[in-house]
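Here's the letter readout for the chains.
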Amino acid sequence: MENLKNKVIIRDLSERDFEDIENIIADTWHYNDFCTKKNAEKLSRIFLYSCLDKRSFAQVAELDGKAVGIIMGRHNDSYKKSFKYKLKSISQIISLVSTKSGRKAAKIFLGVNGTDNELLKETKSKYDGEVVFFAVDKDCRGYGVGKSLFNTFTNYMKQKKANNFFLFTDTSCNYKFYEHQNLVRRGQKNVKVEVNGKQEDMQFFIYEGNI
């Protein structure tokens, strides 16, 4: 695996990558820890479609024909909402909330979104863009793949002459990565989240990056 970085191809996101990305999403946000496999798949699709709906930029890291990393971001003046992915998201939401277990999973999902919105509001700042989603397959972490992907977004924002951007993360992720990239934590919230029937303490963060 020591030469993994040299084998990875960074390229534009394609629809053929969606299944791989959904798996990365489920693993990153630990959906399988608090809902059934079927509901985890639906949540992953909902999250993916919501990201596609608000991104103007998307790159993947490919290894041996498989997407092993993803970064999606937005420059506020360069994106248009996609009616196509909005409809797909609504379809998955309807399917998810049609069962009791699905409604429970949806409640947790919406709770996280609410926390993120509160964090953004409390910064009282205006940003030129956002890292909508960024993750690397757990087997490919620590080899520079994430840094390569992250650099593609910051270079994109430089080309757009942006001044800054923000992103959300939490203690279930490697949030220290962003501090190594010189991002600044602008806020945090302590929240209890139900995992496997137990209440666990988590911290949610908002980070700011300057171009």
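For every chain, the first residue of the written sequence is number 1, and numbering continues from 1 onward in sequence order. A pLDDT threshold of at least 70 governs which residues receive local features in this predicted model, and a stricter bar of 80 or more applies before side-chain atom pairs are shown or counted, although totals over entire chains, interfaces and linings include all residues. Note that water and hydrogens are dropped before the side-chain values are worked out from all heavy atoms of the structure.

Peer 1: An account of the packing of helix 3 (residues 37-53) against helix 4 (residues 83-96) is needed here, citing residue identities and associated values.
Peer 2: Helix axes are fitted only over the stretch in contact, all axes being lines through C-alpha atoms; the angle between N-to-C directions runs from 0 to 180 degrees. Helix numbering and strand numbering both begin at the N terminus, where a helix is a DSSP run of H or I of at least 4 residues and a strand a DSSP run of E of at least 2. Close contact between helix 3 and helix 4 brings their axes to 8 Å; oriented N to C, the two are set at 155 degrees. It follows that helix 3 is roughly antiparallel to helix 4 by the angle criterion. Considering the relative orientation of helix 3 and helix 4, their crossing is left-handed. Judged by residue contacts, Asn39, Lys42, Leu43, Arg45, Ile46, Tyr49, Leu52 and Asp53 of helix 3 engage Tyr85, Lys86, Lys88, Ser89, Gln92, Ile93, Ser95 and Leu96 from helix 4. Tallied by class, residues from the contact of helix 3 with helix 4 come to seven nonpolar, four polar and five charged. With respect to orientation, any angle under 35 degrees is reported as roughly parallel, any angle over 145 as roughly antiparallel, any angle of 65 to 115 as roughly perpendicular, and every other angle as oblique. Should the near helix be turned anticlockwise from the far one by less than a right angle, the crossing is left-handed, and should it be turned clockwise, the crossing is right-handed. We call two residues in contact whenever any of their non-hydrogen atoms come within 4.5 Å of each other. Charged residues are taken to be Asp, Glu, Lys and Arg, nonpolar residues to be Ala, Val, Leu, Ile, Met, Phe, Trp, Tyr, Cys and Pro, and polar residues to be all remaining types, Gly included.

Peer 1: Tell me about the environment of cysteine 140, and name the residues and values.
Peer 2: Within the secondary structure layout, cysteine 140 lies in the loop between strand 4 (129-136) and helix 6 (145-159). Sequence-wise, cysteine 140 and isoleucine 24 are 116 residues apart; in three dimensions their C-alpha atoms are separated by 11 Å. Contact partners of cysteine 140, with chain neighbours within four places excluded, come to Leu4, Leu63, Val68 and Val145.

Peer 1: How would you explain the side chain of asparagine 164 if you had to name every residue and give the values?
Peer 2: As for its placement among the helices and strands, asparagine 164 is situated in strand 5 (residues 164-170). Burial here depends on accessible area, computed with a 1.4 Å probe over protein chains only, as a share of the maximum for the residue type. Under 20% is buried, over 50% is exposed, and the range in between is partly exposed. Assessed through its relative accessible area of 13%, asparagine 164 is described here as buried. Counting of polar contacts relies on pairs of N or O atoms within 3.5 Å, with two restrictions inside protein: one atom must be capable of donating a hydrogen and the other of accepting it, and residues adjacent in sequence are counted only when both atoms are side-chain atoms. A polar contact of 3.0 Å, which involves the side chain of asparagine 164, links it to the backbone nitrogen of aspartate 128.

Peer 1: Go over the nonpolar core with me, naming the residues and quoting the values.
Peer 2: The term nonpolar core refers to a set of buried residues drawn from Ala, Val, Leu, Ile, Met, Phe, Trp, Tyr and Cys, joined through side-chain atoms within 4.5 Å. Judged by nonpolar contacts, the single largest core of 39 residues is most densely connected at Leu13, Ile21, Tyr31 and Met72. Per element, the largest residue contribution to this core is eight residues, and it comes from helix 3. Apart from the residues within four sequence positions on either side, tyrosine 31 is in contact with Ile25, Ala26, Ala40, Leu43, Ser44, Phe47 and Phe109. With 26 residues, the next largest nonpolar core counts Leu63, Val68, Phe134 and Tyr175 among its residues.

Peer 1: I'd love a proper account of the pairing of strand 3 (residues 66-75), names of residues and values included.
Peer 2: By the criterion of burial, strand 3 is predominantly enclosed, with nine of the ten residues buried. The pairing criterion for strands is at least two bridges between them, as found by DSSP. In this sheet, strand 3 lies alongside strand 2 (residues 57-63) in antiparallel orientation, the contact comprising seven bridges. For valine 60, the partnering residue across the bridge sits in strand 3 and is isoleucine 70. Connecting the antiparallel pair strand 2 and strand 3 is a turn made up of two residues, with aspartate 64 showing a positive phi of about 55 degrees. Of the pairings in the sheet, the one linking strand 3 to strand 4 comprises seven bridges and is antiparallel in character. Considered in strand 4, the bridge of arginine 74 is made with glutamate 130.

Peer 1: Residues and numbers for the pattern of salt bridges, please.
Peer 2: Any carboxyl oxygen of Asp or Glu that lies within 4 Å of a side-chain nitrogen of Lys or Arg is treated as forming a salt bridge with it. Enumeration according to the criterion identifies 14 salt bridges in this entry. The residue lysine 189 makes a salt bridge to glutamate 118 at a minimum N-O spacing of 3.7 Å. Of the two residues, lysine 189 is situated in strand 6 (residues 184-195) and glutamate 118 in helix 5 (residues 100-123); the sequence distance between them amounts to 71 residues. Looking at glutamate 118, the relative accessible area reads 42%, which means it is partly exposed. Taking the shortest distance from any N to any O, the salt bridge between glutamate 179 and lysine 176 comes out at 3.6 Å. Within this pair, glutamate 179 and its partner lysine 176 are both found in helix 7 (residues 176-180), separated by three residues, close to a single helical turn. Classification of lysine 176 as partly exposed rests on a relative accessible area of 41%. Taken together, the salt bridges that share partners define one network made up of Arg11, Asp17 and Glu62.

Geometric descriptors of this kind do not, in isolation, establish any biological role.
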